[in-house]
Amino acid sequence: MHYFQYKNDTLFCEDVPVSTVAEEVGTPFYLYSAATLTRHFAAFDLAFAGIPHLTCFAVKSCANIAILRLFANLGGGADIVSGGELFRAGAAGVDPKKIVYSGVGKTAEEIGAALKAGILMLNVESEQELAVIQKVAAGLGLKAPISFRVNPDVDPKTHAYISTGLAKNKFGIPIGEALRVYLAARELPNITIKGVSCHIGSQLTKVSPFVESLGKLKGFIAELAGQGIAITHLDLGGGLGIRYNDEEPPEPDEYARAINKELADLDCTLILEPGRVLVGNAGVLVTRVLYTKAGLKKFIIVDAGMNDLARPSLYDAFHLIQAVERHGLEREVADVVGPICETGDFLARDRPMPKVAAGDLLAVMSAGAYGFSMSSNYNSRPRVAEVLVHGEGFHLIRDRETNDILIQGEIIPEFLVS
Ligand code: LLP
């Protein structure tokens, strides 16, 4: 359930007409609904209310510090994957004791910054990384809280690019090797073993892969206990899917029920790292039609491109595109394309679209997750503004970039200056 609804054929975000925001900030822009974000967080978090747990929002899905603050105010933590995300979480006021840090390629510098910040735990993805953490922690005179990200070899049945829990994927430590690695970690003076973590993929539309991997992890935690290694935290990662088109993903409470059932006999704090399910349907990308072209095919050329929303080009992902002002039900099949100089620059292909003309506004729905956060300056296009609606008001939470920002940090070396 989200708060982007039509009232008399005009699209509103909560109580604000989307066109009003467009007039004020120009296009394109990302528009988020605070009520939807709050509702999604509550639905997810309350589903686990019966057990000790911590909901760590996956920063990569929507990294704006206003959004991070909103979740932090609701009691959420953060799942980070870089020093940059650590910095963002700090700037947003996320409690470091609620931050978990995953990723296969953490640098010594990033590890040091996380240890100094005092985060909850590092989810370690290789033995070599463990050695670096030991060294950095020793240098700082600290003990590093860790879990190992275990790869359970479970098929999440999602797009190959975002499947992470198969043995052939680069993530985590194969479950068959994990016991040996835990035993080795126990011997290291600057390491504290806290947990076991795993994340099998994103946009999962079935509960069964989660349950299957949880079953494997439980067996593994029992093995650890047999060796005298007690786990206080079990991190199940993110991955719960959303509805973009006709998918029927489980609701958070169905997902939570399945997990809670499996967890009944485990004595540890559950950590969850949801991203998409919290923000995906809480944000849209608003774009204006620049031109239309009719020939062999009909093209609707808009002012947002693949640099602003990469998902259609990258994963052939479907995003519903709606007219901000609805004029009748007539449809014509068209490609919705951006201004980028690539044929792969599309937001929709061969899609029955409402009849639109130059100047009309379109809303690309379900764009809150991996939308702005994956945007780039390709074709030297300034990144777009971000706006957060709160009831009847709306707030700019990121300025549209200027051309100056495009060349910030670039240098013409002396030898080229005549
Ligand atoms: N935890 C870890 C360790 C992750 O790698 C991810 C996402 C999450 C949590 C959050 O997963 P979520 O709940 O959002 O599914 N760019 C792709 C999605 C990449 C997901 C990467 N990892 C897309 O646009 O579909």
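Within every chain, residues take consecutive numbers counted from 1 along the sequence as written. Only residues with pLDDT of at least 70 are given local features in this predicted model, and only at 80 or more are side-chain atom pairs given and counted; all residues enter the totals for whole chains, interfaces and linings. Where side-chain values are given, they derive from all heavy atoms of the structure, hydrogens and water being excluded.

A. Highlighting the site of the ligand. Near the ligand you find 19 residues, and of these Ser 202, Glu 273, Arg 311, Tyr 315 and Tyr 370 are the closest. Contacts described as polar in this section are N or O atom pairs within 3.5 Å, which, within protein, must combine one atom able to donate a hydrogen with one able to accept it, while residues neighboring in sequence count only if both atoms come from side chains. Within the backbone of Gly 239, an N or O atom sits 2.8 Å from an oxygen atom of the ligand. Tyr 315 has a polar side-chain atom sitting 2.7 Å from a nitrogen atom of the ligand. Computed on the free molecule, the ligand has an accessible area of 590 Å², of which 92% lies beneath the protein chains in the complex. The residues that make up the shell around the ligand include at least three from each of domain 1 (4-31 + 280-406) and domain 2 (34-276). For this purpose, a residue is taken to be near a molecule or strand whenever a single non-hydrogen atom of the residue falls within 4 Å of it. Here the open area of atoms and residues is found with the Shrake-Rupley method and a 1.4 Å probe, where only the protein chains shown may cover a residue. Domains are outlined according to an automatic or database domain assignment.

B. Quick peek at the side chain of Lys 298. Only DSSP runs of H or I with at least four residues qualify as helices, and only runs of E with at least two residues qualify as strands; both kinds are numbered from the N terminus onward. Positionally, Lys 298 belongs in strand E15 (residues 298-302). When a residue's accessible area, from a 1.4 Å probe over protein chains only, is under 20% of the maximum for its type it is buried; when over 50% it is exposed; and in between it is partly exposed. Assessed through its relative accessible area of 18%, Lys 298 is described here as buried. Here the side chain of Lys 298 touches Glu 332 through a polar contact of 3.1 Å, side chain to side chain. Residue contacts are defined here by distance: any two heavy atoms, one from each residue, within 4.5 Å place the two residues in contact. Lys 298 has contacts with Thr 292, Lys 293, Glu 332, Val 333, Ala 334 and Asp 335, leaving out every residue within four places of it along the chain.

C. Focus on the confidence of the model for the protein. Scored from 0 to 100, pLDDT records how confident the predictor is in each individual residue. Within the protein, residue pLDDT values average 96, and 100% of them lie at 70 or more. When the elements of the protein are averaged for pLDDT, helix H9 (residues 252-263) gives the smallest value, 93, and strand E4 (residues 29-33) the largest, 99.

D. A look at the packing of helix H3 (residues 65-73) against helix H4 (residues 83-92). Where H3 meets H4, the axes come as close as 8 Å, and the angle between the chain directions of the two elements is 60°. Judged by the angle between their axes, H3 and H4 are oblique. Crossing of H3 against H4: the hand is right-handed. Along its contact with H3, which presents Ile 65, Leu 68 and Arg 69, the element H4 presents Arg 88, Ala 89, Ala 91 and Ala 92. All axes are obtained by fitting lines to C-alpha atoms, using only the stretch in contact for helices, and the reported angles, taken between N-to-C directions, cover 0 to 180 degrees. An angle counts as roughly parallel when it lies under 35 degrees, as roughly antiparallel when it exceeds 145, as roughly perpendicular when it falls between 65 and 115, and as oblique in every other case. Helix crossings get a hand from a simple test, with the near helix turned counterclockwise from the far one by less than a right angle marking a left-handed crossing and a clockwise turn marking a right-handed one.

E. Here's a closer look at the domain arrangement of the protein. Segmentation of the protein into domains returns domain 1 (4-31 + 280-406) and domain 2 (34-276). Between the C-alpha centres of domain 1 and domain 2 the distance comes to 32 Å. Each side of the interface is counted separately: domain 1 has 22 residues, and domain 2 has 21 residues. The term buried area denotes the loss of accessible surface (1.4 Å probe radius) that occurs when two parts are joined, taken as the sum for both partners. Of the roughly 1,900 Å² buried between domain 1 and domain 2, counting both surfaces, carbon and sulfur atoms make up 58%. Looking at the side of domain 1 facing domain 2, the largest losses of area belong to Tyr 315, Phe 318 and Tyr 370, adding up to 28% of the total buried there. Whenever Lys or Arg places a side-chain nitrogen within 4 Å of a carboxyl oxygen from Asp or Glu, that contact is recorded as a salt bridge. Taken together, domain 1 and domain 2 are joined by 0 salt bridges. Summed over the shared surface of domain 1 and domain 2, the result is 10 residue pairs in polar contact (both at pLDDT 80 or more).

F. Up close: the packing of aromatic side chains. Each Phe, Tyr or Trp ring (for Trp, its six-membered ring) is paired with any other whose centre lies within 6.5 Å, and the angle between the two planes then decides the class: stacked below 30 degrees, edge-to-face above 60, tilted in between. Here the structure, examined in full by the defined rule, presents 11 aromatic pairs. Taken together, a centroid distance of 4.6 Å and an interplanar angle of 50° make the contact between Phe 57 and Phe 71 tilted. Taken as a pair, Phe 57 in strand E5 (residues 53-58) and Phe 71 in helix H3 lie far apart in primary sequence, 14 residues in all. Each member of the pair, Phe 57 as well as Phe 71, is classed as buried. Geometrically, the ring pair formed by Tyr 161 and Tyr 315 is edge-to-face, given 6.2 Å between the ring centres and 70° between the ring planes. Here Tyr 161 is found in the loop between strand E9 (144-151) and strand E10 (173-174), whereas its partner Tyr 315 is found in helix H11 (residues 311-315), with 154 residues between them in sequence.

G. Focus on the pattern of salt bridges. If you walk through the whole model with that rule in mind, you get 18 salt bridges. Ionic pairing is found between Arg 257 and Asp 253, a salt bridge with its closest N-O pair at 3.7 Å. Residue Arg 257 and its partner Asp 253 are both found in helix H9; the two are separated by 4 residues, about one turn of the helix. A relative accessible area of 55% places Arg 257 in the exposed class. Note on Asp 253: relative accessible area 40%, which makes it partly exposed. For Lys 355, the salt bridge identified is with Glu 330, shortest N-O distance 3.3 Å. Highlighted residues: Lys 355 in the loop between strand E18 (346-354) and strand E19 (361-364) and Glu 330 in the loop between strand E16 (321-323) and strand E17 (331-337), separated in sequence by 25 residues. Each of the salt bridges in this network shares a partner with another, and the network as a whole consists of Glu 127, Glu 177 and Arg 180.

H. Structural context of the environment of Leu 217. As for its placement among the helices and strands, Leu 217 is situated in helix H8 (residues 208-226). Here the alpha-carbon distance between Leu 217 and Pro 249, two residues 32 residues apart in the chain, equals 23 Å. Beyond its immediate stretch of four places on either side in the chain, Leu 217 contacts Val 150, Val 196, Cys 198, Leu 234 and Leu 236.

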